[in-house]
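A structural walkthrough
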Amino acid sequence: MSGESLPATVVRLDARGCLVRLDEPQEGLPADGYELWCGVRGRIHLRDRRHQKAPVAVGDRVLVVRSQEDRGAVDSIEPRRSTLSRPGARKGRVEHVMAANVDRVVIVSALLDPPFNPALVDRLLAVVEFSNLDALLVINKMDLGDETPPEAAVYEALGYPVICASAVDGTGIPALREELLGSTSVVCGHSGVGKSSLLNAVQAELGLAVGDVNAVTGRGTHTTTAAVWIPLNGGGAVIDTAGVREFGLFGIPKRDLPWLFRDVALFAPNCRYPDCSHTHEPDCAVQEALVDGSLPPFRFDSYLKILESLEEQEREQ
Ligand SMILES: Nc1nc2c(ncn2[C@@H]2O[C@H](COP(=O)(O)OP(=O)(O)O)[C@@H](O)[C@H]2O)c(=O)[nH]1
Ligand SMILES: [Mg+2]
Ligand SMILES: [Zn+2]
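Residues numbered from 1 in each chain as written. Chains lettered and ligands numbered in written order. Predicted model: local features only at pLDDT ≥ 70, side-chain atom pairs only at ≥ 80, totals over all residues. Heavy atoms only, no water.

We now examine the coordination of the zinc ion (ligand 3). Octahedral six-donor coordination of a metal ideally yields angles of 90 or 180 degrees, compared with 109.5 degrees for tetrahedral four-donor coordination. Surrounding the zinc ion (ligand 3) are the protein donor atoms Cys271 (SG), Cys276 (SG), His278 (ND1) and Cys284 (SG), which sit 2.1 to 2.4 Å from the metal. In this structure, the zinc ion (ligand 3) is surrounded by four donor atoms whose angles at the metal cover 102 to 117°, and the resulting shape is tetrahedral. (Donors = N, O, S within 2.8 Å, 3.2 Å for Na, K, Ca; no water. Tetrahedral: all angles 85-135°; square planar, octahedral: opposite > 155°, others 65-115°.)

Below, the structure is given as structure tokens:
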């Protein structure tokens, strides 16, 4: 094997290392000739990554050196242009980068089974705003009912695109494919909303596991126990993630929260106090908007819930 550095993308992580996909196919590699299991060179562990769960993240752009047939080592990591993170170990003080170098977060909710969950959508939207990413909302399982949840119009009015879809009858799949092509998206949402099913519908041969996914991953099989980076035919990529029960918030200061809610941020400049928390202060324009109906109550409820969880997080740390 030559000692040449090969550019690649991290597609999956496990306890033994990471699977990378090489930009160019290589001779002597199994499967489609692009993938290598890699360890991470010691000096990367030591280099300013001490506050992160793992030295590399899914989506990282790396240089690898091939050591054996299907093995190699990550030699360097390119600076990330974006990250989507949640709190990891040590009471959330360690950053768990779920996905690196993404342009967009696709927030998937189901119409039913599990029921539409605007609180989780709002939580993810706050993280998306904090991370300076784009958002796309997908309401899946539209085959189970006729009416779009009323919250969808609120999100559209805030400037977030919404696609109503069904992985079962194909509704919205061409529109979703169109949105995904040409950029990198990470797909998030509760377990069972149909994230993997939607991606399988977008690109038939993916064969992502659907339904009760066993927690034991086989190498080389596309189960989504954590996150997996998948190239799209026609350009771009998606990162499928396993559903998280609670999407924790990493590194968001309490005072920033109002500015991460586009509607709250619209009214907040008119509050008497510039640092108004919009919970109890006099002459609060957000409270006034809530009373006169220009701020939907569900959005304010989500804001309050997140504010409380950030306060709790600050107390614990
Ligand atoms: N009725 C209906 N069921 C769906 C749809 N999409 C997925 N499902 C089912 O929902 C369950 C969870 O799907 P899966 O893709 O594994 O969800 P994930 O955990 O978000 O990746 C599976 O039983 C799917 O067959 C849909 O559009 N309509
Ligand atoms: Mg899945
Ligand atoms: Zn206020």
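This is not the end of the story, as more comes after the structure.
It is worth spelling out the sheet that holds strand E11 (residues 184-188) at this point. Strand order in this open sheet of six strands is E10-E9-E8-E11-E13-E12, and the pairing throughout is mixed. Where the open sheet ends on each side, the last strands, each with one partner, are strand E10 (162-164) and strand E12 (227-231). Direction aside, the axes of adjacent strands within the sheet are offset by 20° on average. Pairing geometry for strand E8 (residues 104-110) and E11, over four bridges, is parallel. Note that in E11 the partner of Val106 across the bridge is Val187. Running over the sheet, helix H6 (residues 195-202) touches E8, strand E9 (134-140), E11 and strand E13 (237-241) and is turned about 155° from E13. (Pairing = 2+ DSSP bridges. Helix = DSSP H or I, 4+ residues; strand = E, 2+ residues; numbered from the N terminus. Axes fitted to C-alpha atoms, helices over the stretch in contact; angles between N-to-C directions. Contact = heavy atoms within 4.5 Å.)

Counted by the stated rule, this structure contains three aromatic pairs. Ring pairs connect the aromatic residues Phe261, Phe300 and Tyr303, which therefore count as one cluster. Over the ring of Tyr34 we find Arg21, and its NZ or CZ is 4.2 Å from the ring centre. (Phe/Tyr/Trp six-rings, centres within 6.5 Å; stacked < 30°, edge-to-face > 60°. Lys NZ or Arg CZ within 6 Å of the ring centre and 35° of its normal.)

Burial runs high along E9: six of the seven residues are buried. As paired elements, E8 and E9 share seven bridges and run parallel to each other. Counterpart to Ala110 in the pairing with E9 is Asn140. Note on the crossover from E8 through helix H3 (residues 118-130) to E9: the handedness is right-handed. Bridge analysis of E9 against E10 gives three bridges, and the strand direction is parallel. Considered in E10, the bridge of Ile139 is made with Cys164. Note that the unit made of E9, helix H4 (residues 151-157) and E10 has a crossover that is right-handed. (Buried < 20%, exposed > 50% of the residue type's maximum accessible area, 1.4 Å probe, protein only. Right-handed = clockwise from strand over helix to strand, strands pointing away.)

This part covers H3. Side chains that are three or four residues apart share a direction in an α-helix, a result of its 3.6 residues per turn. Given a rise of 1.5 Å per residue, 13 residues ought to cover 18 Å, and the 18 Å separating the end C-alpha atoms of H3 matches this to within 8%. Counting buried positions along H3 gives ten out of 13 residues, so the element sits mostly inside the fold. Taken as a whole, H3 has its buried residues at Pro118, Leu120, Val121, Asp122, Arg123, Leu124, Leu125, Ala126, Val127 and Val128. Positioned one or two residues after H3, Asn132 has a phi angle of 55°, which is positive. (Expected span 1.5 Å × (residues − 1).)

Over its 20 residues, helix H10 (residues 297-316) runs 29 Å from end to end, which matches the ideal 28 Å to within 8%, given 1.5 Å per residue. Those residues of H10 that sit buried are Phe298, Arg299, Phe300, Ser302, Tyr303, Ile306, Leu307, Ser309, Leu310 and Gln313. Looking at the buried residues of H10, the elements they touch are H3, H4, helix H7 (257-260), helix H8 (262-267) and helix H9 (285-291).

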